[in-house]
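# Architecture and fold: a report
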Amino acid sequence: MNNFHKFHFVASQIDEAQSVMDSLQSKYGQWDREEADVIIALGGDGFMLRTLHRYLPERIPVYGMKLGKVGILINRFREEDLHA
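Residues numbered from 1 in each chain as written. Predicted model: local features only at pLDDT ≥ 70, side-chain atom pairs only at ≥ 80, totals over all residues. Heavy atoms only, no water.

## Here's the deal with the confidence of the model for the protein chain
A low pLDDT score tells you not to read the predicted coordinates there in detail. Summing up the model confidence of the protein chain, the mean pLDDT is 87 and the portion of residues at 70 or higher is 92%. Averaged over each element, pLDDT in the protein chain is lowest for strand 3 (residues 62-66) (91) and highest for strand 1 (residues 7-11) (96). (pLDDT = per-residue confidence, 0-100. Helix = DSSP H or I, 4+ residues; strand = E, 2+ residues; numbered from the N terminus.)

## Observations concerning the pairing of strand 2 (residues 38-43)
The buried fraction of strand 2 is high, at 6 of 6 residues. Taking every second residue as pointing to the same face, both faces of strand 2 are buried, with V38, I40 and L42 on one and I39, A41 and G43 on the other. Two strands pair when backbone bridges link them, and strand 1 and strand 2 are joined in this way by 5 bridges, in the parallel orientation. When the sheet's bridge partners are listed, V10 is paired in strand 2 with A41. Taken together, strand 1, helix 1 (residues 15-28) and strand 2 constitute a β-α-β crossover, and its handedness is left-handed. Two elements, strand 2 and strand 3, share 5 bridges in a ladder whose sense is parallel. When the bridges of strand 3 are listed, G43 appears paired with K66. (Buried < 20%, exposed > 50% of the residue type's maximum accessible area, 1.4 Å probe, protein only. Pairing = 2+ DSSP bridges. Right-handed = clockwise from strand over helix to strand, strands pointing away.)

## Examining the packing of aromatic side chains
Enumeration over the complete set of coordinates arrives at 2 aromatic pairs. Both rings, one in F7 and one in F9, keep their centres 5.9 Å apart while their planes meet at 50°; by these two values the pair is tilted. Residue classification places F7 among the buried positions, given a relative accessible area of 1%. Residue classification places F9 among the buried positions, given a relative accessible area of 2%. Between the aromatic rings of F7 and Y28, the centroid separation amounts to 5.6 Å while the plane-to-plane angle is 90°, which identifies the pairing as edge-to-face. Here Y28 lies in helix 1 and F7 lies in strand 1, a separation of 21 residues in the sequence. Here a set of aromatic residues connected by ring pairs shows up, and it is made of F7, F9 and Y28. (Phe/Tyr/Trp six-rings, centres within 6.5 Å; stacked < 30°, edge-to-face > 60°.)

Here it is in structure tokens:
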């Protein structure tokens, strides 16, 4: 079992990603980055790479979900059972 229960969501500027982030925040909550177990990045590969670069010094795991056009580096979007 993992210890990822406190999510901090970030999303690219595309409308779909912003809408999905609002939905996920309503469902799972939005923790401050300093208290989060994991950062959930919503977008494409470019956004995932920018997110990794930005948060690497904080040593918080980043889990990316594909909402952009390119998604080789990130996971398929899944709204249900995000804790798993």
